[in-house]
Amino acid sequence: MLFRMPRITINDEPRAFPDPLSVAGLLAALGKDAGKLAVEVNREVVPRADHPARALADGDAVEIVTLVGGGEGPPADKPLKVGTFTFTSRLFTGTGKFATHDLMRRCMAASGCEVTTVAVRRERLIDATGKNLLDSLDLSKLTILPNTAGCFSADDAIRHARLARELLGNLGNPGANWVKLECLGDKKTLLPDPIDTLRATEVLVKEGFQVLVYTTDDPILARRLKAAGAVSVMPAGSPIGSGQGIQNPTNIRIILEYLKDGDPDYPVIVDAGVGTASDVAVAMELGCDGVLLNTAIASAADPERMAWAMRYAIDAGRLAYLAGRIPKKLYANASSPMDGLIAAAPRG
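Predicted model, so just to flag it, every value in this text is computed and none were measured.

J.: Give a description of the packing of helix H5 (residues 194-206) against helix H6 (residues 219-227) that names residues and reports values.
T.: Between H5 and H6, the shortest axis-to-axis distance is 9 Å and the interhelical angle comes to 15°. Between H5 and H6, the interaxial angle falls into the category roughly parallel. Between H5 and H6 the crossing geometry is right-handed. Within the contact between the two elements, H5 uses Pro194, Thr197, Leu198 and Thr201 and H6 uses Leu221, Arg224 and Leu225. Of the residues in the contact of H5 with H6, the class split is four nonpolar, two polar and one charged.

J.: Account for the side chain of Thr148, with residues named and values stated.
T.: Structurally, Thr148 is set in the loop between strand E12 (143-147) and helix H4 (154-171). Residue classification places Thr148 among the buried residues on the basis of a relative accessible area of 0%. One polar contact links the side chain of Thr148 to the main-chain amide nitrogen of Glu182, over a distance of 2.7 Å. Residues within four places of Thr148 in sequence aside, it is in contact with Ala157, His160, Ala161, Val179, Lys180, Leu181 and Glu182.

J.: Can you break down the side chain of Ser238 residue by residue, with the values?
T.: You can see Ser238 is positioned in the loop between strand E15 (232-235) and helix H7 (249-260). Looking at Ser238, the relative accessible area reads 5%, which means it is buried. Separated by 2.9 Å, the side chain of Ser238 and the backbone oxygen of Gly245 make a polar contact. Residues within four places of Ser238 in sequence aside, it is in contact with Gln244, Gly245, Gln247, Ala272 and Gly273.

J.: Break down the environment of Val211 for me, with residues and values.
T.: Structurally, Val211 can be placed in strand E14 (residues 210-215). Excluding residues that lie within four positions of it along the chain, Val211 makes contacts with Val179, Leu181, Thr201, Leu204, Val205, Ala230, Val231 and Ser232.

J.: Describe in detail the packing of helix H2 (residues 101-111) against helix H10 (residues 303-323), supporting the description with residues and values.
T.: The N-to-C vectors of H2 and H10 enclose an angle of 25°; their axes lie 7 Å apart at closest approach. By the angle class used here, H2 and H10 are roughly parallel. Seen along the crossing, H2 lies across H10 with a hand that is right-handed. The residues of H10 that touch H2, namely those facing Leu103, Arg106, Cys107, Ala109, Ala110 and Ser111, are Pro303, Glu304, Ala307, Trp308 and Arg311. Taken together, the residues of the contact of H2 with H10 sort by class into seven nonpolar, one polar and three charged.

J.: With reference to specific residues and values, describe the environment of Leu191.
T.: As for its position among the elements, Leu191 is in the loop between strand E13 (178-181) and H5. For Leu191 and Val41, which are 150 residues apart along the polypeptide, the C-alpha to C-alpha distance reads 71 Å. Sequence-distant contacts of Leu191, defined by excluding residues within four places in its chain, comprise Leu184, Gly185, Asp186 and Tyr214.

J.: Quick rundown of a nonpolar patch on the surface? Include the residues and the values.
T.: Taken together, the side chains of Leu139, Leu167 and Leu171 define a hydrophobic patch exposed on the protein surface, amounting to about 210 Å² of accessible area. Topologically, Leu171 is positioned in helix H4.

J.: Could you give me a rundown of the state of the cysteines, with the residues and numbers involved?
T.: Within the structure shown, the criterion is met by zero disulfides. Summary of cysteine pairing: Cys107 is not part of a disulfide, and the nearest cysteine sulfur, belonging to Cys113, is at 9.9 Å. Residue classification places Cys113 among the buried residues on the basis of a relative accessible area of 8%.

J.: How would you summarise the packing of aromatic side chains if you had to cite specific residues and measurements?
T.: The full count for this structure, using the stated rule, is five aromatic pairs. A centroid spacing of 6.0 Å and a plane angle of 75° characterise the contact between Phe87 and Phe92, whose relative ring orientation is edge-to-face. Relative accessible area serves as the criterion here: at 0%, Phe92 is assigned to the buried category. Geometrically, the ring pair formed by Phe87 and Trp178 is stacked, given 5.9 Å between the ring centres and 25° between the ring planes. One end of the pair, Phe87, is in strand E9 (residues 85-87); the other, Trp178, is in strand E13, with 91 residues separating them in the sequence. Both residues of the pair, Phe87 and Trp178, count as buried. Following the ring pairs from residue to residue traces out a cluster consisting of Phe85, Phe87, Phe92 and Trp178. A cation sits over an aromatic face here: Lys180 above Tyr214, 5.7 Å from the ring centre.

What counts as what
Residues numbered from 1 in each chain as written. Predicted model: local features only at pLDDT ≥ 70, side-chain atom pairs only at ≥ 80, totals over all residues. Heavy atoms only, no water. Axes fitted to C-alpha atoms, helices over the stretch in contact; angles between N-to-C directions. Helix = DSSP H or I, 4+ residues; strand = E, 2+ residues; numbered from the N terminus. Parallel < 35°, antiparallel > 145°, perpendicular 65-115°, else oblique. Left-handed = near helix turned anticlockwise from the far one by under 90°. Contact = heavy atoms within 4.5 Å. Nonpolar A, V, L, I, M, F, W, Y, C, P; charged D, E, K, R; others polar. Buried < 20%, exposed > 50% of the residue type's maximum accessible area, 1.4 Å probe, protein only. Polar contact = N/O pair within 3.5 Å; in protein donor to acceptor, adjacent residues only side chain to side chain. Patch = residues over 30% accessible without salt bridge, like charges linked within 9 Å, V, L, I, M, F, W, Y side chains within 5 Å. Areas by Shrake-Rupley, 256 points an atom, 1.4 Å probe, with all protein chains shown as cover. Salt bridge = Lys/Arg side-chain N within 4 Å of Asp/Glu carboxyl O. Disulfide = S-S within 2.5 Å. Phe/Tyr/Trp six-rings, centres within 6.5 Å; stacked < 30°, edge-to-face > 60°. Lys NZ or Arg CZ within 6 Å of the ring centre and 35° of its normal.

Here you go:
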């Protein structure tokens with residue numbers, strides 16, 4: 001007569017064991033410490049005290065579980081500090097170009113941003129249905145960063161900044177204390193006028209504003225703007241709304257070197273030109289402290305999905321920068337060791 005050992009399924013894996021067998025005997029056979037495990041037989045938990053008496057039979061299904069790490073997140077990063085403000089998210093978003101205020105609100109939630117920019121112009125505060133932009137912003141979670149978008153002279157930019165301070169001061173929003181300065185040179189490129197940008201920065205700093213200044217990727221001008229008192233210099237990756245990404249990473253690197261020399265926490269935030277998530281990751285991998293964007297989300301085919309992509313990209317790029325990439329090399333460098341290889345057969 002052929003003797004057949006009972007087959008027991010352990011964690012979905014069929015196994016054969018000698019008969020008779022108890023739960024305690026099974027654990028011993030597997031070399032497991034009963035004190036660090038929980039056992040279930042046929043979907044019923046078997047208390048540890050019952051392990052010796054609980055017999056196992058052919059066809060039984062046994063689950064053996066233990067505790068594992070709960071999936072810790074990435075290492076903690078220091079917060080982003082801009083002037084007197086402190087934030088966890090390094091992604092700043094804009095409020096323009098969204099089809100509806102509701103879509104804008106959902107995209108901001110998806111992006112995880114804590115700062116959003118608002119232009120101080122009547123047509124930007126009221127949408128086509130007559131709704132006020134500010135009614136769609138959760139001012140308990142968002143800090144408004146007023147900007148001087150559309151200004152083509154230092155005088156206009158200064159005027160808009162003063163109006164923004166009055167408006168946000170009336171709302172009790174802390175954004176009244178700062179401004180994103182844009183002083184444009186021409187309507188075709190929307191690149192900043194360097195002379196008026198520097199002049200407006202000097203005036204606004206004297207008036208007590210914390211100035212985040214939009215500029216070109218010129219390292220010399222960036223250094224002058226910081227010296228003028230700007231709390232953050234924001235070089236363009238490429239022209240506003242162009243979606244070209246970071247066109248001159250070398251200049252961005254030089255700006256970072258200049259502005260962080262002796263002041264490593266000085267915030268350099270890329271502003272303008274971002275087209276997709278990879279552009280954000282590139283900016284952060286260069287060592288930038290954050291990215292401000294609008295069109296890349298608002299004009300995407302699926303803005304809400306793109307907002308999520310930007311949220312992940314800002315974190316991925318920052319983590320990669322902090323981790324430190326491997327150096328680029330001209331030739332290959334095998335990841336598997338070359339020593340100890342089996343001798344190759346001689347060629348005939």
